[in-house]
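Read off the chains here:
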Amino acid sequence: MGWLRRHSLAISSIVLLVSSVLLAVVLGYAGLVAYSGLAAGTALASVLTELAVPYLPIVALLLVLVVVSGTVATWSALRRLSIPRSERFGTAAERIEQRYPAIDGLGISEFVSPPEPTTEDALADLKRRYVAGELDEAAFERKLDRLVANESVDDVRAERERRAVLDESSNGSGR
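In this text, all values refer to a predicted model and were calculated from it rather than measured experimentally. (Residues numbered from 1 in each chain as written. Predicted model: local features only at pLDDT ≥ 70, side-chain atom pairs only at ≥ 80, totals over all residues. Heavy atoms only, no water.)

Asker: Would you explain the overall build of the protein in this entry?
Answerer: Within the protein one finds nine helices and zero strands. The secondary structure elements of the protein, listed N-terminal to C-terminal, are α-α-α-α-α-α-α-α-α. The C-alpha atoms of the protein give a radius of gyration of 30 Å, which is well past the 16 Å a tight globule of 175 residues would have. Considering only C-alpha atoms, the protein reaches an extent of 95 × 35 × 25 Å along its principal axes. Residue pairs at least 24 apart in sequence account for 61% of intrachain contacts in the protein once pairs closer than 6 positions are excluded. Element-wise, carbon and sulfur atoms account for 64% of the exposed surface of the protein, whose accessible area totals about 12900 Å². If you average the places of the 19 positive and of the 22 negative side-chain charges in the protein, the two averages end up 3 Å apart. (Helix = DSSP H or I, 4+ residues; strand = E, 2+ residues; numbered from the N terminus. Rg over C-alpha atoms; globule rule 2.2 N^0.38 Å. Contact = heavy atoms within 4.5 Å. Areas by Shrake-Rupley, 256 points an atom, 1.4 Å probe, with all protein chains shown as cover. Lys, Arg positive; Asp, Glu negative; His and termini not counted. Charge placed at Lys NZ, Arg CZ, Asp CG, Glu CD.)

In structure tokens form, the structure reads like this:
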């Protein structure tokens, strides 16, 4: 599945090009046959009936190939674009996927949500803040110990959210 996903744009573009050219050739040939039949004085109904039997399934198959490969090529190209990622887009996409389960398989919410921070990201942010002078050495050491002691970044995020709620409640009760 990985190889197919990586090459889906190229494969679908080739299928789109080939099926479009074949569709144009088949429709052109059918048009030429219809024109020559009409020029010879054959009734329009008999010309269309003779054309419908051999060419209609071919045209239908080629139309399906054009539509499907065009959709896949468009989707593959859009997935490669640099779309801004934000929590707001991710939340909206998750709501849409919950409401419409058929869309859930497309993975839109993972595509527009920002990546989850790692411990390395938190450590880099902590170092940046220390170098910028936002933290003194004692605060840096305390936060570093807490970061290393925690199992994951989720624990750090939960602790930060808990402290923010406690700060808001203490600020709200003091007013």
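Asker: For this particular structure, what's the right way to read helix α2 (residues 8-39)?
Answerer: Its 32 residues give α2 an end-to-end C-alpha distance of 45 Å, which sits within 8% of 46 Å, the value for a rise of 1.5 Å per residue. Within α2 the residues assigned to the buried category are Ser8, Ser12, Ser19, Leu23, Val26, Ala30, Ala34 and Gly37. Close packing links the buried residues of α2 with α1 (2-6) and α3 (44-80). At the exit of α2 stands glycine 41, carrying a positive phi of roughly 95°. (Expected span 1.5 Å × (residues − 1). Buried < 20%, exposed > 50% of the residue type's maximum accessible area, 1.4 Å probe, protein only.)

Asker: It is not clear to me how the side chain of serine 69 should be interpreted in this structure. Could you clarify?
Answerer: Locating serine 69 in the fold gives a position in helix α3. Only 3.4 Å separates the side chain of serine 69 from the backbone oxygen of valine 66, close enough to count as a polar contact. Apart from the residues within four sequence positions on either side, serine 69 is in contact with Ser12, Val15, Leu16 and Ser19. (Polar contact = N/O pair within 3.5 Å; in protein donor to acceptor, adjacent residues only side chain to side chain.)

Asker: What is the right way to look at the side chain of serine 76 in this model?
Answerer: Here serine 76 lies in helix α3. Engagement of the side chain of serine 76 in a polar contact is seen with the side chain of serine 8, the distance being 2.8 Å. Setting aside chain neighbours within four positions, we find serine 76 in contact with Ser8 and Leu9.

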